[in-house]
Amino acid sequence: MSWVPLALRVPATSANLGSGFDTLGMALSLYNVFIVRELRENNDFACTAVGEGAFDLTNDPSDNMVISSYLKACELWGLTPQGFSLECHNVIPFCRGLGSSSTAVVAGVALADRLSGRRTDEAELLRVMTLIEGHPDNVAPCFLGGMVVSCWDGKELRFVKLPPLPEDMYVVAAVPDVRVRTHDARNALPRDVPFGDAVFNLGRAALLCAAWATRQWDLLSWGMDDRLHQPFRSRLFPGGEVIMDRVRSNTGCVGVAISGSGPTVVALVRGAPSPVAREMCRTFSEHGVDSQFFVLKGCAEGMTLQESWPAQAPREEDGYYETVRGGRL
Amino acid sequence: MRGSKLERIVRSRDEARIVLMGVPDVPGVAATVFSALAERDVAVQMIVQNNMRGGITDLAFLVHKDQLDDAIFLCRQAAESVRAQGVSFNTEIACVSLYGQNLTEAADLPGRMFAALARSGVNIQMIGSNALSLTCVVAETAADKAIEALHREFLELFENPELQDPQ
């Protein structure tokens, strides 16, 4: 059977954004790429992983989250699973709160739809993705792109996609070289919250969504404030308890939050991003942790499919090589 | 160390590391990235391209911290234009270098340098070498430890110049 490699480019996501615990998420311009190199017999899979997390992953298809999500979607839709060989090129830091696992779920469900020729509508694809992931705040923006407000009752999903970030706004993500275990992140949260804190977050989340929808970006710093999860989860990684206040005081920083359940910290920045980024990484260093940072934009398109790989070479008519010809070197 | 001469051990904290990740391994990509940086006069050093796997590779290099904002802007733009998977940055690094003459002739030099750093628990993030220098990029917090380890390792060469023979 002839087969053109199929590549899925799936973005990182930052969920919660402070007050929007379990309901807000934003797609970011950092991508895992999953390539289906060849088709195999039904139920016959092979996989390799390179990059982030490859040390933790085996090449056993039964351990691969893209394939397990694919199989789950096939089961839910009553499909016989077409086998394939898969390459996972991971650059989204693993277990750091940037939605790495959601990229695998989104890719797996999208592949089940694509390889079966089922042409499933967007709402059903998202419903199955959420069912597999257990919550919508990463998979929804990951699949749809942009900033998404989503609610899930365990069976059905409702969501709204908000306008993109302005061109001059960056999302600086500082990623420390430590992991927060999901189990610890969940256990850190209180079983009950004081009524006053609930009201505090209700107001902030409503303000965040309204400000975003009406592009009143100067209100984000208020809107991203939180009392439900960040005060507890910031204790789970070195520097977490001081980094937010330090970053918030930087000129150009319009909002700061723990990404997902951490330990990555994201700051929305207007103007030069490096002072904010360096402050974040310096804080981690002072607390004995190495870190790296990303300067990202919102990803408007979400997951994309590309029916050839590798991509085409840059073309001279697009303006490449001009400086070289100009003789600066 | 026959045929070469080690002259100095140097530390620098002025650089930032940039990695373009998941770059399509096709002709013209490196030209796109470094031509864009050249247009804004952003100087680069220690350019390292990883082995290609599955048509995708990584491209890492260092820039001066003073030029980081220009580099961030240009690298992001270049990454988008070549459909790279992302760009990461690290400012909390230091370069520790051995400088000298004909260092590529000293077969034992890289092994001794890396072993000295390893014994001190210093992890190496990047390596670059040429005839005049052998440089390791390490975490900034490990820079002092790295320099101490290298001084210990190569002290005898500075104290006994007859051990080195650049001829």
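Residues numbered from 1 in each chain as written. Chains lettered and ligands numbered in written order. Predicted model: local features only at pLDDT ≥ 70, side-chain atom pairs only at ≥ 80, totals over all residues. Heavy atoms only, no water.

### Describing the domain arrangement of chain B
Residue and element names in this part refer to chain B. The line we're drawing: Residue ranges for the domains trace back to a domain assignment, done automatically or taken from a database. By the convention used here, residues are in contact when the closest approach between their heavy atoms is within 4.5 Å. By convention, the term buried area covers the 1.4 Å-probe accessible surface removed from two parts as they join, with the contributions of both added. Whenever Lys or Arg places a side-chain nitrogen within 4 Å of a carboxyl oxygen from Asp or Glu, that contact is recorded as a salt bridge. For this analysis, a polar contact is any N or O atom pair within 3.5 Å, provided that within protein one partner can donate a hydrogen and the other can accept it, and provided that sequence-adjacent residues contribute only side-chain to side-chain pairs. By the criteria applied, helices consist of DSSP H or I runs no shorter than four residues and strands consist of E runs no shorter than two, each listed in order from the N terminus. When residue character is reported, Ala, Val, Leu, Ile, Met, Phe, Trp, Tyr, Cys and Pro are called nonpolar, Asp, Glu, Lys and Arg charged, and the others, Gly included, polar.
Along its sequence, chain B is carved into domain 1 (5–13 + 92–160) and domain 2 (15–90). Taking the mean C-alpha position of each, domain 1 and domain 2 sit 25 Å from one another. Each side of the interface is counted separately: domain 1 has twelve residues, and domain 2 has ten residues. Taken over both partners, the interface formed by domain 1 and domain 2 buries close to 890 Å², and the fraction arising from carbon and sulfur atoms is 60%. Joining domain 1 to domain 2, the criterion identifies zero salt bridges. In this structure, the connection of domain 1 to domain 2 is made through four residue pairs in polar contact (both at pLDDT 80 or more). If you list the elements that add at least two residues to the side of domain 1 that touches domain 2, you get strand S6 (93–101), strand S7 (126–129) and strand S8 (133–139). For the side of domain 1 that touches domain 2, the leading source of residues is S7, giving three residues. Classifying every residue of the side of domain 1 that touches domain 2 gives five nonpolar, four polar and three charged.

### Things to note about the state of the cysteines
Residues and elements named next belong to chain A. Short version of the rule: For the purposes of this analysis, a disulfide is any pair of cysteine sulfur atoms at a distance within 2.5 Å.
Summed over all chains, the structure comprises zero disulfides over all chains. Sulfur of Cys 74: no disulfide; nearest cysteine sulfur belongs to Cys 47 and is 16 Å away. Cysteine Cys 151 is unpaired, with the sulfur of Cys 209 as its nearest cysteine sulfur at 9.3 Å.

### A few points about helix H10 (residues 274–286) of chain A
Our working rule: To estimate how far a helix should reach, multiply one less than its number of residues by 1.5 Å. Under the scheme applied here, a residue whose accessible area is under 20% of the maximum for its type counts as buried, over 50% as exposed, and between as partly exposed, the area being computed with a 1.4 Å probe on protein chains only.
With 13 residues, H10 of chain A extends 18 Å between its outermost C-alpha atoms, agreeing within 8% with the 18 Å of an ideal straight helix rising 1.5 Å per residue. All of the buried residues along H10 of chain A are Ser 274, Val 276, Ala 277, Glu 279, Met 280, Cys 281, Thr 283, Phe 284 and Ser 285 of chain A. Against strand S7 (169–176), helix H9 (240–248), strand S8 (253–258), strand S9 (265–270) and strand S10 (291–296) of chain A together with helix H2 (68–81) of chain B lie the buried residues of H10 of chain A. Note on H10 of chain A: the residue one or two positions beyond its end, Gly 288 of chain A, has a positive phi of about 80 degrees.

### Notes on the nonpolar core
In plain terms, the rule: To form a nonpolar core, buried Ala, Val, Leu, Ile, Met, Phe, Trp, Tyr and Cys residues must be joined to one another through side-chain atoms within 4.5 Å.
Counting 47 residues, the largest nonpolar core has Met 280 of chain A together with Ile 18, Leu 20, Leu 37 and Phe 61 of chain B as its most contacted members. The greatest single-element share of this core, amounting to seven residues, is contributed by H2 of chain B. In contact with Ile 18 of chain B, not counting residues within four places along its chain, are Leu 59, Ala 60, Phe 61, Val 63, Ala 71, Cys 75, Val 87, Ser 88 and Phe 89 of chain B.

### Remarks on the interface of chain B and chain A
Contacts between the two partners involve 36 residues from chain B, matched on the other side by 43 residues from chain A. Together chain B and chain A conceal approximately 3200 Å² of surface at their shared face, both sides included; 55% is due to carbon and sulfur atoms. The largest per-residue losses of area from chain B upon contact with chain A belong to Arg 76, Arg 83 and Gln 85 of chain B, which jointly make up 21% of the total buried on that side. Linking chain B with chain A are zero salt bridges. Among the residues forming the side of chain B that touches chain A, the class breakdown is 16 nonpolar, twelve polar and eight charged.

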